[in-house]
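Close look at the chain arrangement
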Amino acid sequence: MEKDIEKDKKTVVLKDEENVGVVQIADDVVAMIASLATTEVEGVCAMSGNITNELMSRVGMKKLTKGVKVEVYNDSVVVFLAVTVEYGYNIPATCQKVQTKVKAAIENMTGLTCTDVNIRIAGVKVK
């Protein structure tokens with residue numbers, strides 16, 4: 001399956017040569033994948049200081065993508081994250097785990113190439 005990527009209204013369009021149909025992936029979906037992957041990493045307690053894992057199952061998509069910005073260029077994705085880490089965790093090691101997990105999740109679920117995962121530490125939570 002060869003892909004042509006088009007940018008239209010914050011949606012990535014994957015075209016199949018066999019003319020079976022079109023698959024569109026909204027940028028918000030890519031942002032949600034990044035957010036969920038980020039909060040699965042031990043030491044990350046919230047995205048942008050507002051949402052914890054317990055609350056994520058109760059809120060809508062817009063809340064899930066808070067603290068996440070994605071930019072899709074051709075067939076590559078750049079992700080910007082704002083996270084709050086728990087006190088006592090090594091920030092560089094935690095960020096490396098987040099970058100690896102987010103990159104793998106986006107590439108496995110969408111077929112796009114994740115070139116950068118940029119992280120801004122928005123805060124540290126003390127228990």
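Quick note: structure is the one above.
Residues numbered from 1 in each chain as written. Predicted model: local features only at pLDDT ≥ 70, side-chain atom pairs only at ≥ 80, totals over all residues. Heavy atoms only, no water.

1. Looking at the pattern of salt bridges
We count it as follows: Take a side-chain nitrogen of Lys or Arg and a carboxyl oxygen of Asp or Glu: if they are within 4 Å of each other, that pair is a salt bridge. Only DSSP runs of H or I reaching four residues or more are called helices, and only runs of E reaching two or more are called strands; each is numbered from the N terminus. Only protein chains enter the accessibility calculation, which uses a 1.4 Å probe; a residue is then buried when its area is under 20% of its type maximum, exposed when over 50%, and partly exposed in between.
A full pass over the atoms with the stated rule returns three salt bridges. A salt bridge links lysine 101 to glutamate 40; its shortest N-O distance comes to 3.2 Å. Taken together, the positions of lysine 101 in helix α4 (residues 91–110) and glutamate 40 in the loop between α1 (27–39) and β4 (44–47) put the pair 61 residues apart, joining distant regions of the chain. Note on glutamate 40: relative accessible area 55%, which makes it exposed. Residue glutamate 107 pairs with lysine 103 through a salt bridge whose shortest N-O separation is 2.7 Å. Here glutamate 107 pairs with lysine 103, and both are found in helix α4, just four residues apart, close to one helical turn.

2. Quick notes on the pairing of strand β5 (residues 68–73)
For clarity, the cut-off: For two strands to be treated as a pair, DSSP must find no fewer than two bridges joining them.
Residues Val68, Val70 and Val72 line the buried face of β5, whereas the alternating positions Lys69, Glu71 and Tyr73 sit on a face that is not buried. Hairpin connection, β5 to strand β6 (residues 76–86): the antiparallel pair is bridged by two residues, and asparagine 74 has positive phi, about 55°.

3. Re the side chain of threonine 94
To keep things clear, this is the line we draw: For this analysis, residues touch if any pair of their heavy atoms sits within 4.5 Å.
Summarising the element assignment, threonine 94 is placed in helix α4. Residue threonine 94 is classed as buried on the basis of its relative accessible area of 5%. Residue contacts for threonine 94: discarding those within four places in its chain leaves Val41, Glu42, Gly43, Val44, Val85 and Tyr89.

4. Concerning unusual backbone geometry
Here the phi dihedral of asparagine 74 falls at roughly 55°; this positive angle occurs in a residue that is not glycine. Considering the arrangement of structural elements, one finds asparagine 74 in the loop between β5 and β6.

5. Digging into the pairing of β6
Selection criterion: Handedness of a crossover is defined as follows: with both strands directed away from the viewer, a clockwise route from the first strand across the helix to the second makes it right-handed.
When you tally the buried positions in β6, you get 10 out of 11 residues, the bulk of the element. Sheet topology places β4 next to β6; three bridges connect them, and they run antiparallel. Within β6, the residue paired with alanine 46 across the bridge is threonine 84. Sheet topology note: the β5/β6 ladder contains six bridges and is antiparallel. Counterpart to valine 72 in the pairing with β6 is valine 77. Here 11 bridges tie β6 to strand β7 (residues 113–125), and the two strands are oriented parallel to one another. Pairing of serine 76 across the sheet is with threonine 113, part of β7. Regarding topology, α4 serves as the crossover connection from β6 to the parallel β7, and that connection is right-handed.

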